[in-house]
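These are the residues of each chain, in order.
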Amino acid sequence: MRKHLFRLTLLASLAAAALPALAALDVFACEPEWGALATELAGDNADVYVATTALQDVHHIQARPSLIAAARRADLLVCTGAELEVGWLPVLLRQSGNNRIQRGHPGYFEATRYVRLIEIPSRLDRAQGDVHPMGNPHIHTDPRNIARVADALAQRLGEVDPGHASTYQSRLQDFSQRWSRATSRWKRGAAPLHGVRVIEHHKGFSYLFDWLGIRAVGFLEPKPGVEPTTGHLAELLAQQRRNPAKMVIRASYNNPRASEWFAERAHIPVVVLPFTVGGDSASKDLFSWYDDMIERLLEANR
Ligand SMILES: [Zn+2]
């Protein structure tokens, strides 16, 4: 009898735990940063599915059946855009058969629409393997961009789910205040990084560097998305002897070989930065991700 009662209680608590699945809104986020932002703004009003992890190369993702199933039930899709997901999102959208999240519909949200892109090529040279043909899509590494996208996303959440529009706006206000305070704190703390010369694996942190005044003086990839070649690395090494960079930076998802090779010969440290939320154990949300990125850079600069 006692055991039976226990089972009933367990079932009841399981049912309660399952309640968030009945949330008003199904959000499909292409990348962890937009999933984290949607969670900040929607709280319990949304069930947020994140399609990729910080340890994957988001330029190259397979449109797996699990992703298609998640896209099929989504009310709102939140992605980066600027062709970052061009290799997999169009397939996913087509196969989802979900009209709500198609391009041009309210359920389709591209973060890069709301910020100014940098590194826009003067001509399209995608044929040579450049994965940034529309400009640099990695806008999430500047917290001011996150703030702009947050404004637009809260607005969009309210359009897709008008019943909770005021909740999204008040959560936005709360988030924006905390984010703005944190942004000032990061900028102050990162002051010693201003003017520091770095070599980077991929152009993944250009917005972060712009914001903090870090100078990227070379890239291990000859072109964004093109694997480092020995010839290119040798050139970089010669440049390093003339005009040294202080550290070499790669994202947690980048293959470590080229940066280790370079750092060993140049006698400079390698800094592995979490590319987004979940890129390492410390980066649990947007705030702790920025804390961790800046701390790692400061540590290598000491
Ligand atoms: Zn890229």
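About the criteria used
Residues numbered from 1 in each chain as written. Predicted model: local features only at pLDDT ≥ 70, side-chain atom pairs only at ≥ 80, totals over all residues. Heavy atoms only, no water. Helix = DSSP H or I, 4+ residues; strand = E, 2+ residues; numbered from the N terminus. Rg over C-alpha atoms; globule rule 2.2 N^0.38 Å. Buried < 20%, exposed > 50% of the residue type's maximum accessible area, 1.4 Å probe, protein only. Contact = heavy atoms within 4.5 Å. Areas by Shrake-Rupley, 256 points an atom, 1.4 Å probe, with all protein chains shown as cover. Lys, Arg positive; Asp, Glu negative; His and termini not counted. Charge placed at Lys NZ, Arg CZ, Asp CG, Glu CD. Salt bridge = Lys/Arg side-chain N within 4 Å of Asp/Glu carboxyl O. Domains from an automatic or database assignment. Buried area = accessible area lost by both parts, 1.4 Å probe.

(A) Geometry of the overall build of the chain. Along the backbone of the chain there are 10 helices and eight strands. A compact globule built from 302 residues would reach a C-alpha radius of gyration of about 19 Å, and the chain, at 21 Å, matches this within 12%. Seen through its principal axes, the chain has C-alpha atoms that stretch 75 × 40 × 40 Å. Every one of the 302 residues in the chain was classed for burial, and the buried ones make up 51%. Long-range contacts, defined here as pairs at least 24 residues apart, represent 64% of the contacts in the chain between residues at least 6 apart. Looking at the chain as shown, the accessible area adds up to about 14,600 Å², and 54% of this sits on carbon and sulfur atoms. Charged side chains in the chain number 35 positive and 32 negative. The centres of these two groups are separated by 2 Å.

(B) Geometry of the pattern of salt bridges. Within this structure, the stated rule accounts for 12 salt bridges. Residue arginine 103 pairs with glutamate 110 through a salt bridge whose shortest N-O separation is 3.3 Å. On the basis of relative accessible area, arginine 103 is assigned to the exposed category, the value being 55%. Residue arginine 296 pairs with aspartate 280 through a salt bridge whose shortest N-O separation is 3.0 Å. Taken together, the residues span a long stretch of sequence, with arginine 296 in helix H10 (residues 286-301) and aspartate 280 in the loop between strand S8 (270-273) and H10 at a distance of 16 residues. Note on aspartate 280: relative accessible area 17%, which makes it buried.

(C) Layout of the domain arrangement of the chain. Domain boundaries assigned for the chain yield domain 1 (12-185) and domain 2 (191-301). A straight line from the C-alpha centre of domain 1 to that of domain 2 covers 25 Å. Interface of domain 1 and domain 2: buried area, both sides summed, is about 2,700 Å²; carbon and sulfur atoms make up 64% of it. Interface area lost by domain 1 to domain 2 is led by Ala54, Thr141 and Trp179, which between them contribute 21%. Counting every contact that joins domain 1 to domain 2 gives one salt bridge.

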